[in-house]
Number of protein chains: 2
Amino acid sequence: MTHPGSGQVGTAGTAVRQASLREHNLALVLRHITLSERPPSRADLANATGLTRATVSALVDDLIGGNLVTEVDPAPRTGAGRPALGLVLATDGPAGLGLEINVDYLAACVVDLTGAVRHRAIRRVDLRPVPPDEVLADLGDLAATALAEASRQRLLLAGTALAVPGLVTSTGVVRLAPNLGWRDVDLAAALDAHPALTGHRPAAPGQPGAPSGPRTSGDPTGQGTSGVRVPTGQRADGGGWLTIDNEANLAALGELHAGPPGPATFLYVSGEIGIGAGIVLHGALFRGARGWSGELGHLPVHPSGRWCRCGAQGCLEQYAGQEAILTGAGLAGQGLPADAAIARLAELAKAGDQAASGALAEAGAALGVAVAGVINLLDLDTVVLGGIYAPLASWLGPPIEAEIRQRVLTAAWSPVTVRPSLLTRDAAVLGAAGSVVRAVLAHPAHWLTPPPA
Amino acid sequence: MTHPGSGQVGTAGTAVRQASLREHNLALVLRHITLSERPPSRADLANATGLTRATVSALVDDLIGGNLVTEVDPAPRTGAGRPALGLVLATDGPAGLGLEINVDYLAACVVDLTGAVRHRAIRRVDLRPVPPDEVLADLGDLAATALAEASRQRLLLAGTALAVPGLVTSTGVVRLAPNLGWRDVDLAAALDAHPALTGHRPAAPGQPGAPSGPRTSGDPTGQGTSGVRVPTGQRADGGGWLTIDNEANLAALGELHAGPPGPATFLYVSGEIGIGAGIVLHGALFRGARGWSGELGHLPVHPSGRWCRCGAQGCLEQYAGQEAILTGAGLAGQGLPADAAIARLAELAKAGDQAASGALAEAGAALGVAVAGVINLLDLDTVVLGGIYAPLASWLGPPIEAEIRQRVLTAAWSPVTVRPSLLTRDAAVLGAAGSVVRAVLAHPAHWLTPPPA
């Protein structure tokens, strides 16, 4: 896309180009506002972008009118002249609703344009005996509460992203979620019966909130995964739009954007009942040839070992999944909710309890075998421990590092960092909400004037 | 880079732009000649490229003068007028010298612009007790023969690519080649003592044959691996230029270009004394965060199993490497050269010999465990068996496929093809020579007028 010094195009036959220029320049100005260390004035933006002051002012007016940007009083400064108003991202503008279905909990959160978490809720419930429709009804309750809270805080719903612990097709079908016992569950269709899950967009009733059609035209991840088929379902309706994606993928994207700017490369390991992974290469999520990458939990660590729910033997999940760890530590079957059990496990390990330490050491070694294989294969420099592994990182980290030292051919020259997730246990649901917000920031024109459905 | 309808730029201050336009247009015309089903005329090229006939004629004259293109008599046609001469890639122009150091053989080959193999030689010799300098002296003999043969066939050396079974840095140092016992061997420096290894370029004496500086400016792989550090050493000298790269990477690139056009995604598995892999994603080699991806041989398949030369336990190499297979089949220690032993193994397996079949089944199962892990992680759709695995694919394929069926979560929806390499056993050395030729085709201007060193 071109970027001339002025946003004006003179001739009559260039409507399409003019529209795309405006789209480009809106995103450009918004990006400068987002990345500025202190609130820039319109003049600052004109300097930074090379656009004329008149063009910048018109664009900023549009951004303010669309609740994307707010004016703030400038910092006092010495020198002559009236100080100009500064511009910041709006905290009462569009927001993303993040939802997560996991095996033993449901979660919802609301994130605003600045990335601030404005609401979050988790409901512990073992979903393994529960049919998809009942799961969605429960999730609908969580979503309704989140939307009411967002509305009370004067936020506008831009869209919803739903994290699921399974393989999701591009049309929103969950092909397989072994730990939920789901196979070929058409979540996108089922969600039509639960309007609370996507809510409404008061700002522009009756208009779709996001582009329909191929995801590349409005990639809600903001990841520029061009050329890679994005395995999500998406739907435009009266309020917001919906993305369905694998939980480890959304968590990895959340982790990517929570970290320092720059093209990070890491393996995000999501520890829950199941174990998933998101592979971030040079700042972009790698989704695989068909969108189904990251099934770390089914890497064989003891090929003739324990049977797995997936039908294979010796999968990592059977040695380092939540149930394997809690069973090893003697904490299974005590009726403790998972988060309480994990907290108890950490206390016991801290106190030097042998069963707890042994279970964590065994899980860490199994994780280390799998992770060492991944690093030998992909040459990654960072491993991020997410989900239940985040609060247990002090105990899981050392055995993982020991396996890496022993097994990774390049370990002597290329140190590998193993660290807990910056988003702790909530990376997937926060990453989901954040993906909505990043899509708005990347394509503000779609929020201001949604394309025809 | 822009591509106006005419190669002419009028004003005086545009020398740089004019030069880069010429570079672009030379490559464009050459690409059309390469991809045409029948030899195009200058008029055909003007139609296909949108350049003027005068511009095309000047560019074609340059390509002919630089030995890149030859005129051929056209196919007879009906209709009026004198038929125009057709243009084809020259078979007496620049050629690539491919060299390979492996654990139990050395290889050399010469490939011309059309991709035809004009010379190939292999020397079976166990290099494990041999110091690097002696290896290079031996390789120098092979290279000298290859260059003499190339010269006899009126080919001009464009450059040399050397395949090594180890981890190569961007400055041409072999950090580690466990099966050779090499650690921190500065191959780029050592090669200076062996000028026969890079030869001379009679066409333009005294001029470097390839761009110096960062590889992205003249990526000899032609892979457009922009943003990924290319782990090779490269050196401009009086004759040609030199690339050093991992053997599985060069083999995977060879396989990529030997296949049908299009953005292929596959895992190339290189079976030799060691086991390496090249990962091709959407038509490009994935090299990892630091250029050291693909160490498939050290994926743990039995974490508490046999000790490996790398210092770890249970590496794939110990179960599916050449020595494990030959030992299992009772063919080790008989003084047979490896290629004869592999041929004998195939004969025995075909005849139903139990030890041979058992060894291949065990190796196939171990390969299947590792490959299933890779597919769970990366969601690839094709596995290519190269090196000694190519002639053994009939026996290794079925157990690999069985493990994939059992262990890959998505196997039911996403079939995975397991097949032998199109280049059979010689993929690495052919891929090396081909990488030189593809660099010339991608950047013909560098061949015609090398940039300053």
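Residues numbered from 1 in each chain as written. Chains lettered and ligands numbered in written order. Predicted model: local features only at pLDDT ≥ 70, side-chain atom pairs only at ≥ 80, totals over all residues. Heavy atoms only, no water.

### Details of the overall build of chain A
Move 1: Counting its regular elements, chain A contains 13 helices and 16 strands.
Move 2: Expressed as a percentage of the 453 residues in chain A, the buried residues total 58%.
Move 3: A total of about 17000 Å² of accessible surface is found on chain A, and carbon and sulfur atoms cover 54% of it. (Helix = DSSP H or I, 4+ residues; strand = E, 2+ residues; numbered from the N terminus. Buried < 20%, exposed > 50% of the residue type's maximum accessible area, 1.4 Å probe, protein only. Areas by Shrake-Rupley, 256 points an atom, 1.4 Å probe, with all protein chains shown as cover.)

### Section: the side chain of Arg438(B)
Residues and elements named next belong to chain B.
Move 1: Looking at the secondary structure, you find Arg438 in helix α12 (residues 427-442).
Move 2: Take Arg438: its relative accessible area is 15%, and that puts it in the buried class.
Move 3: Polar contacts involving the side chain of Arg438 include one to the side chain of His257, which spans 3.2 Å. (Polar contact = N/O pair within 3.5 Å; in protein donor to acceptor, adjacent residues only side chain to side chain.)

### Regarding the packing of helix α10 (residues 354-378) of chain A against helix α10 (residues 354-378) of chain B
Move 1: Between α10(A) and α10(B), the least distance of the axes is 11 Å, while the angle of their chain directions is 80°. When the axis of α10(A) is compared with that of α10(B), the two are roughly perpendicular. Between α10(A), through Val374(A), Leu377(A) and Leu378(A), and α10(B), the contact on the second element is made entirely by Val374(B), Leu377(B) and Leu378(B).
Move 2: Considered class by class, the residues forming the contact of α10(A) with α10(B) number six nonpolar, no polar and no charged. (Axes fitted to C-alpha atoms, helices over the stretch in contact; angles between N-to-C directions. Parallel < 35°, antiparallel > 145°, perpendicular 65-115°, else oblique. Contact = heavy atoms within 4.5 Å. Nonpolar A, V, L, I, M, F, W, Y, C, P; charged D, E, K, R; others polar.)

### Let's talk about the relation of the copies chain A and chain B
The two chain copies are connected by a rotation around an axis plus a translation along it.
Move 1: You can overlay chain A on chain B at an RMSD of 0.1 Å; the transform is a turn of 180° with a shift of 0.1 Å along its axis. Expressed as a symmetry operation, the mapping of one chain copy onto the other fits a two-fold axis. When each C-alpha of chain A is compared by its distance to the rotation axis, His302(A) comes out closest, at 3.1 Å.
Move 2: Most of the interface of chain A is mirrored in chain B: 100% of its interface residues are interface residues there too. (Least-squares fit on C-alpha atoms with pLDDT ≥ 70 in both.)

### Considerations on helix α6 (residues 247-258) of chain B
All names here are of chain B.
Move 1: When the terminal C-alpha atoms of α6 are compared, their 16 Å separation across 12 residues agrees well with the 16 Å that a helix rising 1.5 Å per residue should span.
Move 2: Burial analysis of α6 places 10 of its 12 residues in the buried class, the great majority of the element.
Move 3: Every buried residue of α6 is accounted for by Glu247, Ala248, Asn249, Leu250, Ala251, Ala252, Leu253, Gly254, Glu255 and Leu256.
Move 4: With a side-chain oxygen positioned 2.9 Å from the backbone nitrogen of Ala248, the residue opening α6 is Asn246. (Expected span 1.5 Å × (residues − 1).)

### Thoughts on the pattern of salt bridges
Between side chains of opposite charge, pairing is possible as soon as their charged atoms come close.
All names here are of chain A.
Move 1: Considering all chains together, one arrives at 39 salt bridges over all chains under this definition.
Move 2: The residue Asp426 makes a salt bridge to Arg120 at a minimum N-O spacing of 2.4 Å. Pair noted here: Asp426 is in the loop between β16 (417-420) and α12 (427-442) and Arg120 is in strand β5 (residues 117-124), with a separation of 306 residues, a long-range link.
Move 3: A relative accessible area of 46% means that Arg120 is categorised as partly exposed.
Move 4: Within this structure, Asp126, Arg128, Arg309 and Glu323 form a network of salt bridges that share partners. (Salt bridge = Lys/Arg side-chain N within 4 Å of Asp/Glu carboxyl O.)

### Examining the sheet that holds strand β13 (residues 275-281) of chain B
All names here are of chain B.
Move 1: One open sheet holds the five strands; their spatial order is β14-β13-β12-β15-β16, and the pairing between them is mixed. What marks the edges here is a single partner per strand, and that holds for β14 (284-286) and β16 (417-420). In this sheet, neighbouring strand axes are inclined to one another by 25° on average, regardless of whether the strands run parallel or antiparallel.
Move 2: Lying on the sheet, α6 is in contact with β12 (266-271), β13, β14, β15 (382-387) and β16; it crosses β12 at an angle near 130°. (Pairing = 2+ DSSP bridges.)

### Some words on the environment of Arg128(A)
Residues and elements named next belong to chain A.
Move 1: In this structure, Arg128 sits in the loop between β5 and α4 (132-152).
Move 2: Judged by relative accessible area, which is 27%, Arg128 ranks as partly exposed.
Move 3: In this structure, the C-alpha to C-alpha distance between Arg128 and Leu180, residues 52 residues apart in sequence, is 5.1 Å.
Move 4: Those residues in contact with Arg128 that lie beyond four places of it in its chain are Val103, Asn179, Leu180, Ile273, Arg309 and Glu323.
Move 5: At 2.9 Å, the side chain of Arg128 and the side chain of Asp126 are in polar contact.

### As for α12(B)
Move 1: In this model, α12(B) (16 residues) spans 21 Å end to end at C-alpha, consistent with the 22 Å of a helix rising 1.5 Å per residue.
Move 2: Burial within α12(B) is extensive, with 15 of its 16 residues counted as buried.

### Quick notes on the interface of chain A and chain B
Move 1: Facing the 51 residues of chain A at the interface are 51 residues of chain B.
Move 2: For the pair chain A and chain B, the interface holds one salt bridge.
Move 3: The shortest N-O distance in the salt bridge between Asp379(A) and Arg290(B) comes to 3.1 Å.
Move 4: Applying the counting criterion to the chain A and chain B interface returns 23 residue pairs in polar contact (both at pLDDT 80 or more).
Move 5: For the side of chain A that touches chain B, the secondary structure elements donating two or more residues are β8 (173-177), β9 (182-186), β13 (275-281), α10 and α11 (393-407) of chain A.
Move 6: Ranked by the residues each element gives to the side of chain A that touches chain B, the list is headed by α10(A), at six residues.

### A word on the packing of helix α9 (residues 338-350) of chain B against α10(B)
Residue and element names in this part refer to chain B.
Move 1: Running from N to C, α9 and α10 cross one another at 105°; their axes reach a closest spacing of 7 Å. By the angle between their axes, α9 is roughly perpendicular relative to α10. In contact with Leu345, Leu348 and Ala349 of α9, α10 contributes Ala356, Ser357 and Leu360.
Move 2: Across the contact of α9 with α10, the residue classes tally to five nonpolar, one polar and no charged.

### Notes on the confidence of the model for chain A
Residue and element names in this part refer to chain A.
Move 1: Taken as a whole, chain A shows an average pLDDT of 84; of its residues, 83% reach a score of 70 or greater.
Move 2: Below pLDDT 50 for its whole length, residues 1-15 participates in 24 contacts with residues either more than four positions away or in separate chains.
Move 3: Ignoring residues within four places in sequence, the model shows residues 200-239, a span with pLDDT below 50, making 115 contacts including any to other chains.
Move 4: Across the interface, the model reports ipTM at 0.81; the global pTM reads 0.83. (pLDDT = per-residue confidence, 0-100.)

### Some points on the nonpolar core
Move 1: Ranked by internal contacts, the top residues of the largest apolar core, which has 100 residues, are Leu296(A), Leu378(A), Tyr389(A), Leu296(B), Leu378(B) and Tyr389(B).
Move 2: Each residue touching Tyr389(B), except ones within four places of it in the same chain, is listed here: Val269(B), Ser270(B), Gly271(B), Ile275(B), Ala320(B), Gly321(B), Ile325(B), Leu367(B) and Leu396(B). (Core = buried A, V, L, I, M, F, W, Y, C linked by side-chain atoms within 4.5 Å.)

### Some words on the sheet that holds strand β9 (residues 182-186) of chain B
Move 1: Strand order in the open sheet made by the three strands is β7-β8-β9 (chain B), with antiparallel pairing throughout. Among the strands making up the open sheet, the edge pair consists of β7 (167-168) and β9 of chain B.

### So, unusual backbone geometry
Move 1: Backbone geometry at Asp379(A) places phi at a positive 55°, although glycine is not the residue there.
Move 2: Mapped onto the secondary structure, Asp379(A) falls in the loop between α10 and β15 (382-387).
Move 3: Given the relative accessible area of 0%, Asp379(A) is considered buried.
Move 4: Residue Asn67(B) is not a glycine yet carries a positive backbone phi of 65°.
Move 5: Take Asn67(B): it is sitting in the loop between α3 (53-65) and β1 (69-72).

### Comments concerning the packing of aromatic side chains
Move 1: Applying the stated rule across the entire model yields two aromatic pairs over all chains.
Move 2: Ring centres of Trp292(A) and Trp413(B) lie 6.2 Å apart, and the angle between their planes is 80°; this geometry places the pair in the edge-to-face category. Of this pair, Trp292(A) sits in the loop between β14 (284-286) and α7 (317-320) while Trp413(B) sits in the loop between α11 (393-407) and β16, each in a different chain. (Phe/Tyr/Trp six-rings, centres within 6.5 Å; stacked < 30°, edge-to-face > 60°.)

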